Amino acid sequence: MLTEAQAGDIFDRIRKLCSADEVEVLFSGGKFALTRFANNTIHQNVAEENHSLSVRTAFGRRTARASTNKFDDESLRQVVKSSESLARVQHPDTDLLPMPDPASAGESTVPSRYFDQTASITPEFRAEGVKRIVEVADRHKLTTAGVFSSSDLFEGIFNSRGLNKWHQQTSAEISITMLGVDSSGWQKANSPEAANLDPLRLAEVAAQKAADSAHPREIPAGKYTVILEPAAVLDIVGFMFWDYSGVAILDQRSFLTGRIGAKLFGENVTIWDDVAHPLQAGSPFDGEGIARQRVALVENGVVKRVVYARATAERMRESEYKDKVGPVAPTGHGFALPNEMGEMPLNIVFASVNETKTVEQMIASTERGVLVTRLWYIREVEPFEKMLTGMTRDGTFLIEDGKVRGGVRNFRFNESLIHMLSNVEAMSLPARSCGEESFDMVVPAMKVKDFNFTEVTKF
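This one's a predicted model, so the numbers in the text were calculated from it and none came from an experiment. (Residues numbered from 1 in each chain as written. Predicted model: local features only at pLDDT ≥ 70, side-chain atom pairs only at ≥ 80, totals over all residues. Heavy atoms only, no water.)

1. Considering the packing of helix α1 (residues 4-17) against helix α2 (residues 73-88)
Put simply, the rule reads: Only the stretch in contact is used when a helix axis is fitted, and all axes are lines through C-alpha atoms; the angle between N-to-C directions ranges over 0 to 180 degrees. A run of H or I in DSSP counts as a helix once it spans at least four residues, and a run of E counts as a strand once it spans at least two, with each numbered from the N terminus. In what follows, roughly perpendicular refers to angles from 65 to 115 degrees, roughly parallel to angles under 35, roughly antiparallel to angles over 145, and oblique to any angle outside these ranges. Two helices that cross are described as forming a left-handed crossing if the nearer one is turned anticlockwise from the farther one by less than a right angle, and a right-handed crossing if clockwise. In this description, contact between two residues means that some pair of their heavy atoms is separated by no more than 4.5 Å.
Contact pair α1 / α2: the axes reach a minimum separation of 10 Å and the direction vectors enclose 55 degrees. It follows from the interaxial angle that α1 and α2 lie oblique. Crossing of α1 over α2 shows right-handed handedness. Across from Ile 10, Arg 13, Ile 14 and Leu 17 in α1, the residues of α2 making contact are Asp 73, Leu 76, Arg 77 and Val 80.

This is the structure:
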């Protein structure tokens, strides 16, 4: 595994080869391994280790980047030459700023996200976890498929102004699908600390969902009270966070355009971007090495602000929108330069409400509704109202008189995120959750009234 000291030595070698005004090197890589299973047996085990670096050079306002995963002298000479050759022929970028120094980049600390137990996971350890999952499937007469992966990854940034930042973290992830004759169940979880994952518990929940949703009945489409489990919440709300970007506001393509400072969601919705939250993951700095800040995106339903890379903040200060977007300052959410995307909040945390409810309590308080395990195939239909469409899957249930009455055929939905987050009747305690359509977040389960199902599927 490449260490910070070794990366520093490589950067020193690159600086000696470089003739540009400024140079920046991003390091990334590590070890990744995955055990995949299907039809109740392991059918694939893969492992890789790769280290790469990316050199960005700048001549005035001209900049470009080139990458390699070879660190010998000739390869470093070639990657520097490629970056410089590309930079020299670029059109000047009037928004390009000098690379940050340590003082302007700031410091941000996060809890340790490196765990020896996770880093030392072996194929045998993953196979033992899969064995427990398969035993659950066999006991319930189900077919199971999924993955158990583990990783030990690093990222770092060095530049010619003396900036030097490094982050290393581990991760373990389990995803399980249980298949019956006409039903399915699903669970997924990950954590920097493998001890937080329980393959047996995840398998039991997925199997129970498959068993309980067997022989699904068809109920008509329409507006229902819906209880969305955390994975379903994550995958649908994730579609709005690209809009919490200064670039999106400047381009007038954000649904927050003209709405910052307005109450857009329900009083019970408060959302932060908080890389230091104990249930979050990721590095404490962005693609330029700027410290990630804790940012209030929504407070009690009111949109407070968006996030900024350095150059975007400078552009916003000079724009006609500067007095309509809340605080304008770099927040440490930029992507590596050059890029066209600007920035995005990636450490989403929903704040806990005063009175949380468990999913079971939400069910007990529902006269008639639908319980949704997860959503998939989500697509944006209309951007300004954030109207989305998609389907339920892997455990969709009818609730009547406070009890789950069995599985129902899946639905297609057409729902506005603004409408949905304005109609949240109850929330659970937020938890670290993961899905398939969006990035990991700390989110609650939600009970939402008048969720719009438009069509019944055939399965």
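2. Some details on the pairing of strand β1 (residues 22-38)
Stated precisely, the cut-off is as follows: Strand pairing is assigned whenever DSSP identifies at least 2 bridges connecting the two strands.
In the sheet, β1 pairs with strand β2 (residues 41-59) via 17 bridges, with the strands oriented antiparallel. By the bridge assignment for β2, Gly 29 is matched with His 51. Joining the antiparallel neighbours β1 and β2 is a turn of two residues, in which Asn 39 adopts a positive phi near 50 degrees. Relative to strand β4 (residues 143-159), β1 runs antiparallel, the two being bridged by 14 bridges. Of the residues in β4, the one forming a bridge with Glu 24 is Asn 159.

3. Structural notes on the nonpolar core
For clarity, the threshold we go by: Grouping buried Ala, Val, Leu, Ile, Met, Phe, Trp, Tyr and Cys residues that are joined through side-chain atoms within 4.5 Å yields what is termed a nonpolar core. Residue exposure (1.4 Å probe, protein chains only): buried if accessible area is under 20% of the type maximum, exposed if over 50%, otherwise partly exposed.
Within the largest apolar cluster, 61 residues are counted, with the highest numbers of intra-cluster contacts made by Val 237, Met 240, Phe 241, Tyr 244, Phe 265 and Met 420. Excluding residues within four positions of it along the chain, Tyr 244 makes contact with Phe 255, Leu 256, Phe 265, Leu 297, Val 298, Val 303, Arg 305, Val 306, Val 307 and Pro 345. Listed in part, the 23 residues of the second largest apolar core include Leu 2, Ala 7, Ile 10 and Val 79.

4. A word on the packing of aromatic side chains
Ring pairs (aromatic) are described by centroid distance and by the angle formed between their planes. What counts here: Stacked, tilted and edge-to-face are the three classes assigned to paired rings of Phe, Tyr and Trp, where Trp is represented by its six-membered ring and a pair needs centres within 6.5 Å; plane angles under 30 degrees give stacked, over 60 edge-to-face, the rest tilted.
Applying the stated criterion across every chain, the model contains 15 aromatic pairs. Judged by centre distance (6.2 Å) and plane angle (65 degrees), the rings of Phe 125 and Phe 148 are edge-to-face. A residue pair is termed long-range when its members are at least 10 positions apart, and Phe 125 in helix α5 (residues 123-139) and Phe 148 in strand β4 qualify at 23 residues. The class of Phe 148 is buried, set by a relative accessible area of 3%. Aromatic pair Phe 154 and Trp 166: ring centres 5.3 Å apart, planes at 10 degrees, arrangement stacked. Taken together, the residues Phe 154 in strand β4 and Trp 166 in strand β5 (residues 164-179) connect sequence positions 12 residues apart. Trp 166 shares its class with Phe 154; the two are buried.

Coordinates in, geometry out; function isn't part of it.
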